[in-house]
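Chain and residue survey
So you can see what is in the structure, the chains are spelled out below.
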Amino acid sequence: MSTVEVGVVMGSGSDWDTLSHAVAILQEFEVPHEARVVSAHRMPDDMFAYAQAAESRGLKAIIAGAGGAAHLPGMLAAKTTVPVLGVPVASRHLQGVDSLHSIVQMPKGIPVATFAIGTAGAANAALFAIAMLANGNPVLRERLRAWRERQSEAARQTTLPPVA
Ligand code: RP5
């Protein structure tokens, strides 16, 4: 039986530079996860199968990243009630604004939680998935609290360069 709790899927191998930032966070928090390419338009049957099996496989969240006409998160969300966290990937021509609009503008009834364009969005999607899982997992909650505290301390320690 699978122990995967968070699925990270992306429309293309070219999205990996972005979505790897989500995977890095999941690894750091030791959250069981998987990462794979599930293209909405190049492998639509696989995409439907992935979404349809998500709940029975025990997935608690799906982080889905795509660029351009980024229909992957919305189509996954249409086929499962497992929460879908959408990450707009920066596209070559429109720098990801197209991806953002494609993912965030879901019509009423099928929500996709949409994050920032690019690597910050990918990392934050993972942190958000962890925050959801932490509702029922005190160990994960403590890891998240400690991670935030380290981040705060790093910000406190910031030294600014002299005025030029
Ligand atoms: C989308 O098209 C992918 O999510 C990717 O961001 C974009 C470009 O894909 P490739 O042409 O690089 O495979 O489906």
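Residues numbered from 1 in each chain as written. Predicted model: local features only at pLDDT ≥ 70, side-chain atom pairs only at ≥ 80, totals over all residues.

Going by an unreviewed UniProt entry, the protein carries the name N5-carboxyaminoimidazole ribonucleotide mutase and comes from Ramlibacter aurantiacus. Under the UniProt heading Function (unreviewed entry), the note attached to the protein is "Catalyzes the conversion of N5-carboxyaminoimidazole ribonucleotide (N5-CAIR) to 4-carboxy-5-aminoimidazole ribonucleotide (CAIR)." Its UniProt record gives the protein the following Sequence similarities (unreviewed entry) comment, quoted word for word: "Belongs to the AIR carboxylase family. Class I subfamily." (UniProt positions renumbered as here; feature names shortened; annotations may be inferred.)

**A look at the overall build of the protein**
Summing up its helical and strand segments, the protein has six helices and five strands in all. For a compact globule of 164 residues, the expected C-alpha radius of gyration is about 15 Å, and the protein comes in at 17 Å, within 12% of that figure. Reported as C-alpha extents along the three principal axes, the dimensions of the protein are approximately 55 × 40 × 30 Å. The proportion of buried residues among the 164 residues of the protein is 39%. (Helix = DSSP H or I, 4+ residues; strand = E, 2+ residues; numbered from the N terminus. Rg over C-alpha atoms; globule rule 2.2 N^0.38 Å. Buried ≥ 20, exposed ≤ 12 C-beta atoms within 10 Å, placed from the backbone.)

**Some words on the UniProt feature "binding site: substrate" (unreviewed entry) in the protein**
Within this structure's numbering, the places UniProt gives as "binding site: substrate" (unreviewed entry) are Ser-12, Asp-15 and Arg-42. These annotated residues cover 31 residues of sequence, and their C-alpha atoms lie no more than 14.4 Å from one another, placing them together at a single site. One can find Ser-12 in the loop between strand E1 (6-10) and helix H1 (16-28). Its 16 C-beta neighbours within 10 Å are what place Ser-12 among the partly exposed residues. Residue contacts for Ser-12: discarding those within four places in its chain leaves Val-37 and Ser-39. (Contact = placed C-beta atoms within 7 Å.)

**Observations regarding the UniProt feature "transmembrane region" (unreviewed entry) in the protein**
With numbering aligned to this structure, UniProt lists the feature "transmembrane region" (unreviewed entry) at residues 112-134. Span residues 112-134 is 70% helix and 9% strand, its end C-alpha atoms 20 Å apart.

**Things to note about the site of the ligand**
Looking at the ligand, the residues that line it are Met-10, Gly-11, Ser-12, Ser-14, Asp-15, Ser-39, Ala-66, Gly-67, Gly-68 and Val-89. Class assignment for the residues of the shell around the ligand results in three nonpolar, six polar and one charged. (Near = placed C-beta within 6 Å. Nonpolar A, V, L, I, M, F, W, Y, C, P; charged D, E, K, R; others polar.)

**Looking at the nonpolar core**
Residues Ala-22, Ile-62, Ile-63, Leu-72 and Ala-126 are the most contacted members of the largest nonpolar core, which totals 44 residues. Filtering out sequence-adjacent residues up to four positions away, Ala-22 remains in contact with Val-8, Ile-63, Val-87, Ala-122, Ala-123, Ala-125 and Ala-126. (Core = buried A, V, L, I, M, F, W, Y, C linked by C-beta atoms within 7 Å.)

**Considerations on helix H5 (residues 119-134)**
When the terminal C-alpha atoms of H5 are compared, their 22 Å separation across 16 residues agrees well with the 22 Å that a helix rising 1.5 Å per residue should span. Packing partners of the buried residues in H5 comprise E1, H1, strand E3 (61-67), strand E4 (84-89) and helix H6 (138-156). (Expected span 1.5 Å × (residues − 1).)

**Things to note about helix H4 (residues 97-104)**
Every buried residue of H4 is accounted for by Ser-99, Leu-100, Ser-102 and Ile-103. Projected onto a plane normal to the axis of H4, the buried residues spread over an arc of 165° and lie on a single side. Where H4 is buried, its residues contact E3, helix H3 (72-79), E4 and strand E5 (113-114). (Arc of directions from axis to C-beta.)

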